[in-house]
Amino acid sequence: MFTPYRSPSLVQATLAEIRQATSQPWVIMEICGGQTHAILRYGMEQLLPPETELVHGPGCPVCVTSLDLIEKALAIASDPQVIFTSYGDMLRVPGVDRDLFSVRAAGGDIRVVYSPLDALRIAQQNPHKQVVFFAIGFETTAPANAMSVLQAKALGLKNYSALVSHVCVPPALSAILNSPANRVQGFLLAGHVCAVMGYHQYPSLAEQYRVPMVVTGFEPLDIARGILETVKLLESGRVEVRNAYERVVTFEGNHAAQEAIARVFEPCDRKWRGIGAIPLSGWKLRPEFQAYDAESRFQVGSIQPEESPLCIAGQILQGLKKPPQCPAFGRACTPEHPLGATMVSSEGACAAYYHYPAS
Ligand code: SF4
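Residues numbered from 1 in each chain as written. Predicted model: local features only at pLDDT ≥ 70, side-chain atom pairs only at ≥ 80, totals over all residues.

(A) Broad picture of the overall build of the chain. Scanning the chain from N- to C-terminus turns up 16 helices and eleven strands. Taking 2.2 N^0.38 as the reference for a compact globule, 359 residues should give roughly 21 Å; the C-alpha atoms of the chain span a radius of gyration of 20 Å, in line with that estimate. Burial status across the chain gives 50% buried among its 359 residues. (Helix = DSSP H or I, 4+ residues; strand = E, 2+ residues; numbered from the N terminus. Rg over C-alpha atoms; globule rule 2.2 N^0.38 Å. Buried ≥ 20, exposed ≤ 12 C-beta atoms within 10 Å, placed from the backbone.)

Below is the structure:
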């Protein structure tokens, strides 16, 4: 089906505008791993003027789920009383020395689901088992995860719980911008996160760090427009937050989704894989929903594993390095034998560079 958002002529025209607008080098970070994959898949980096450098941000939920959460998932999934449910991407994410696939091969009941509501259904069908959902993700998956907890409570389900690993974008931007090594001068904001949360959280952040931001979608034309607006702001010295994804995103976002999140979750400090702890960068279940918290139910609160020293994913997710700069890239680390989550996730930057090498 023809979509103008993939029209080569419209994308080329926008790229020409970017070339015309660019007079000096700029470093722009796309937050979202979905955008990273689109940029690599469509070869957009090679089509930009050499002055425009794109670096890849931490917006891949599979990649940033901390190693201790992965180890907790592995411990819970190994319990014979448990049916562990998860999005498929999480099954190949390496822990210290195994992944969920290997737990399944050893007899663990691990099922891939497409929604937490699938996990709820499994809980209803298996009243003598504990059903755990691996509730990872950014602001985008939080509303459905919140609804699953509300629904479990409404149904009186005693055998459903969530292993919560929610992370939020704005504190991660602050962490990147606070780093003395930061190179990022402008951001492409993740369109689907802004569809849920709006973009009212960002003007104060842009102002505080003097960094322009543009809400950006996922098709080639969306990304080209996001880059064009960011370059125009950088070149003019204006610090603003613009919306280049108007067909999906409003300033206020989706109120019903935000209310569901606020009912069920509250802010907490959160560890990001490879990056470390970022204050108030996650959500955890509110005290009134503790009964649905898998970490307390299975008493796995004290697992503190060490990250492999070979993996530099943390530097990649902060825009400090690119995947081919990792000595293990394509050698010791491949999608078949990953050393880090960014090589297995469908939104991971290392996987994007591996699958779409520059010609
Ligand atoms: S290539 Fe592998 S080892 Fe290197 S940063 Fe990416 S995931 Fe980590």
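Alright, that's what it looks like, and here's the rest.
(B) View of the pairing of strand S11 (residues 276–285). Sheet topology places strand S6 (residues 160–167) next to S11; two bridges connect them, and they run antiparallel. Counted as the bridge partner of His 166 is Trp 283 from S11. As consecutive antiparallel partners, strand S10 (residues 265–272) and S11 are separated by three residues, and within that stretch Gly 274 has a phi angle of approximately 80°, a positive value. (Pairing = 2+ DSSP bridges.)

(C) Inspection of the pairing of strand S5 (residues 130–137) at higher detail. Among the eight residues in S5, seven count as buried, and that is most of the element. Pairing of strand S3 (residues 82–86) with S5 involves four bridges; the strand directions are parallel. Following the sheet pairing, Thr 85 is matched in S5 by Phe 133. Both S5 and S6 contribute to a ladder of seven bridges, which runs parallel. Each residue of the ladder has a partner; that of Ile 136, found in S6, is Ser 165.

(D) Focus on the nonpolar core. The biggest cluster of nonpolar side chains holds 115 residues, and the ones touching the most others in it are Ala 73, Ala 77, Leu 163, Phe 187, Leu 189 and Cys 194. Those residues in contact with Leu 163, other than ones at most four positions away along the chain, are Lys 72, Ala 73, Ile 76, Val 132, Phe 134, Ala 135, Ala 294 and Glu 295. (Core = buried A, V, L, I, M, F, W, Y, C linked by C-beta atoms within 7 Å. Contact = placed C-beta atoms within 7 Å.)

(E) Region of interest: the site of the ligand. Around the ligand, the surrounding shell holds 16 residues, and the nearest of these are Cys 311, Cys 326, Cys 333, Gly 340 and Cys 350. Looking at the shell around the ligand, its residues break down into 14 nonpolar, two polar and no charged. (Near = placed C-beta within 6 Å. Nonpolar A, V, L, I, M, F, W, Y, C, P; charged D, E, K, R; others polar.)

In short, shape yes, function no, at least from these values alone.
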